[in-house]
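# Structural description and commentary
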Amino acid sequence: MENAKAQDSNEELDITLNHDHILILDFGSQVTQLIARRLRESGVYCEIWPFNHAPAEKIKAFNPRGIILSGGPRSVLEKDAPEAPAVVFEMGVPIFGICYGQQTMVKQLGGKVEAEQSREFGRAFVDVVADSKVAKGVWDKGAHEQVWMSHGDHVAEMPDGFRVIAKSEGAPFAFIADTDRRFYGTQFHPEVVHTPHGADLLKNFTHNVCGCSGDWTMAAFREEQIAKIREQVGNGKVICGLSGGVDSSVTAVLIHEAIGDQLTCIYVDTGLMRSGESEQVVDLFRNHYNIPLIHEDASDKFLDGLEGISDPEIKRKLIGNMFIEVFDACSARVGGAEFLAQGTLYPDVIESVSFTGGPSVTIKSHHNVGGLPDDMALKLVEPMRELFKDEVRELGRELGMPEDFIRRHPFPGPGLAIRIPGEVTGEKLEILRKADLIYLDEIRKTGLYDEIWQAFAVLLPVKTVGVMGDARTYDYVCALRAVTSTDGMTADTYPFSHEFLGRVSTRIINEVHGINRVTYDITSKPPGTIEWE
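Quick caveat: nothing in here was measured; it's all calculated off a predicted structure. Within each chain, residue numbers correspond to sequence positions counted from 1 in written order. Only residues with pLDDT of at least 70 get local features here, since the model is predicted, and only at 80 or more are side-chain atom pairs given and counted; chain-wide, interface and lining totals rely on the full set of residues. Hydrogens and water are ignored here; the side-chain numbers use all heavy atoms of the structure.

## Some thoughts on the sheet that holds strand β13 (residues 263-269)
Strand order in this open sheet of five strands is β14-β13-β12-β15-β16, and the pairing throughout is parallel. Here the strands that pair on one side only, and so sit at the sheet edges, are β14 (293-297) and β16 (379-381). Adjacent strand axes in the sheet meet at a mean angle of 30° when their direction is disregarded. Whether two strands pair depends on DSSP finding at least two bridges between them. Only DSSP runs of H or I with at least four residues qualify as helices, and only runs of E with at least two residues qualify as strands; both kinds are numbered from the N terminus onward. The sheet contact formed by strand β12 (residues 237-242) and β13 spans five bridges and is parallel. Following the sheet pairing, C240 is matched in β13 by C265. The axes used here are C-alpha line fits, helices contributing only the stretch in contact, and every angle between their N-to-C directions lies in the interval 0 to 180 degrees.

## With respect to the pattern of salt bridges
Criterion for a salt bridge: a side-chain nitrogen of Lys or Arg within 4 Å of a carboxyl oxygen of Asp or Glu. On inspection of all chains with the given rule, the structure shows 28 salt bridges. Note that R38 and E41 form a salt bridge whose closest N and O atoms lie 3.1 Å from each other. On the criterion of helical spacing, the pair formed by R38 and E41 is a turn pair, its members being three residues apart in helix α1 (residues 32-41). Residues participating in the shared-partner salt-bridge network are D441, E442, K445, E499, R503, R507 and E511.

## Let's talk about the side chain of D20
Position of D20 among the secondary structure elements: in the segment before β1 (21-26). In terms of polar contacts, D20 uses its side chain to reach the side chain of R65, at 3.3 Å. Separated by 2.8 Å, the side chain of D20 and the backbone nitrogen of S213 make a polar contact. N or O atoms closer than or at 3.5 Å make up a polar contact, with two conditions inside protein: a donor-capable atom paired with an acceptor-capable one, and, for residues adjacent in sequence, both atoms drawn from side chains.

## Thoughts on the packing of helix α8 (residues 299-306) against helix α9 (residues 312-334)
Direction vectors running N to C along α8 and α9 enclose 145°, while the axes themselves pass 10 Å from each other. In this structure, the crossing between α8 and α9 has a hand that is right-handed. Packed against α8, whose contacting residues are K301, F302, G305 and L306, the element α9 presents K315, L318, I319, M322, F323, E325 and V326 at the interface. Under the scheme applied, nonpolar residues are Ala, Val, Leu, Ile, Met, Phe, Trp, Tyr, Cys and Pro; charged residues are Asp, Glu, Lys and Arg; polar residues are all the others, including Gly. Residues of the contact of α8 with α9, tallied by class, amount to seven nonpolar, one polar and three charged. Note on convention: the crossing is left-handed when the near helix lies turned anticlockwise from the far helix by less than a right angle, right-handed when the turn is clockwise. The contact rule is simple, with two residues in contact once any of their heavy atoms fall within 4.5 Å.

## A few points about the side chain of T195
In this fold, T195 is placed in the loop between β11 (183-186) and α4 (198-209). Among all residues touching T195, those that are not within four sequence positions of it are Q146, V147, W148, F188, H189 and P190.

## A word on the packing of helix α5 (residues 218-233) against helix α11 (residues 389-398)
At a minimum axis separation of 9 Å, α5 and α11 run at an interaxial angle of 80°. In this view, α5 runs roughly perpendicular relative to α11, as classed from their interaxial angle. Residues M218, A219, F221 and R222 of α5 pack against E391, E394, L395 and E398 of α11. The class makeup of the residues in the contact of α5 with α11 is four nonpolar, no polar and four charged. If an angle is under 35 degrees, it is roughly parallel; if it is over 145, roughly antiparallel; if it lies from 65 to 115, roughly perpendicular; otherwise it is oblique.

## What to know about unusual backbone geometry
For the peptide bond that leads from K525 to P526, omega is -15°, which places it in the cis range. Positionally, P526 belongs in the segment after β20 (515-520). The peptide bond linking P526 to P527 adopts the cis configuration, its omega dihedral lying at 15°. The residue P527 is located in the segment after β20 in this model. A positive phi angle, close to 60°, is found at R182, a residue other than glycine.

## Considering helix α14 (residues 498-511)
In this model, α14 (14 residues) spans 20 Å end to end at C-alpha, consistent with the 20 Å of a helix rising 1.5 Å per residue. Regarding α14, the residues found buried are F500, L501, V504, S505 and I508. Down the axis of α14, the buried set is contained in an arc of 130°. They therefore lie on one face. Every exposed residue of α14 that faces more than 90 degrees away from the buried side is listed here: H498, E499 and N510. Elements that come into contact with the buried residues of α14 comprise α13 (426-445), β18 (471-484) and β20. A helix is expected to span 1.5 Å for every residue after the first. Think of it in three bands: with a 1.4 Å probe and only protein chains considered, a residue is buried below 20% of the maximum accessible area for its type, exposed above 50%, and partly exposed in between. As used here, the arc is the angular range of directions from the helix axis to the C-beta atoms.

Right under this line is the structure:
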């Protein structure tokens, strides 16, 4: 293992593109990945490349059916503002510019963009003034349609050949088209759910304008990833870290299907898991799938390492480093392991570093990304690196995994450590496990579990005065969190009834010693994140 080379987590493997595909050039928007998500929903394979890492030769070699220019945080009027590579407009393929993408397309083709005279942020409405192949069957001429805007600058003059399809109060060129060249641009964001028919507009672009057949399915992804894993791994041995969550579990089953007993799973019991989770994981993989499994109880090591640590980023880094240390020890028992498999997902990478090296902003580090030491002596196998959470569940179903396991809510790599703001102790973990178990039990009893993207309890680092049985108490505060989401990139709080919250609060306070107050977190994402740390 000492001779194995470390692999950069952004290293790209060659893949054979057997499907129609679209190129998305990223100008740094926080919702660029949602463009990809919408395209995949309609069966179109796509890749996101940063605008500044896309040389003409590479774009031509990719041979996309069409190109989408994303939004971004910059102004096209700034000095040295990002621009699309000139080759994009010379290839004869359809182009769809979104927000900043529309503005740079207009500017680069000879039109005019003006600054901050009529800004629009959030919900807006456009009037459809002309027919378009992109709008066909979705928006009719004369319609008044809701969209989602986020712009200061706006197009003031169109380049030659363009005409207006729709306009808004703040954007007279909210939707434009050059039908002959098949160039389209929207000031609004069709990729977000707040533009109700935006996904249909994008589908019209990919299918009706670009001619994509929509043949990229999860069954196809499964077969292609199996071939890719076999090509990468060869006869080598792979160890896979099971976290107890859906991501790593689907990763393990997929890799086992590809290479069989060349895979050994290692379940590191960090002591930071939910109630009964370790037993469930061991039973599923050892007894149901018969996958070689090492179950390592390292709970004392993790608790000792976290003693006195309150900073959330330090927690994540420490957990990642300790995780790898335990892996190194366990892999020695496997003998000759060269590869480490992880359930890294698309949102993990986008929020930590740009997925393809582009200009995205760092929000927080994730266990699968930021916690890995530079000198890790294993090459990474990350077959789901381009998938969103709901796609992982779809892949799990394709692999025949148990439905109740696939539907489990997301669970963070660092486990309960980041649901205990402040120092983590054994006592706090036990208190949190009991509260969390009651909360999820009530959600399941009410039949709400599948309506909720993620629900969990948080043990706050404060104590408050209470009264129980005429006696004064001074115990912890528990916060409850539940959100709805499509892909985890944005989220809304779940609107529980006061009756439900009251019932959960009563059970937690009565049954969990150490908690005397319960609150409910009603913060959306953004501005908050789903997890508290």
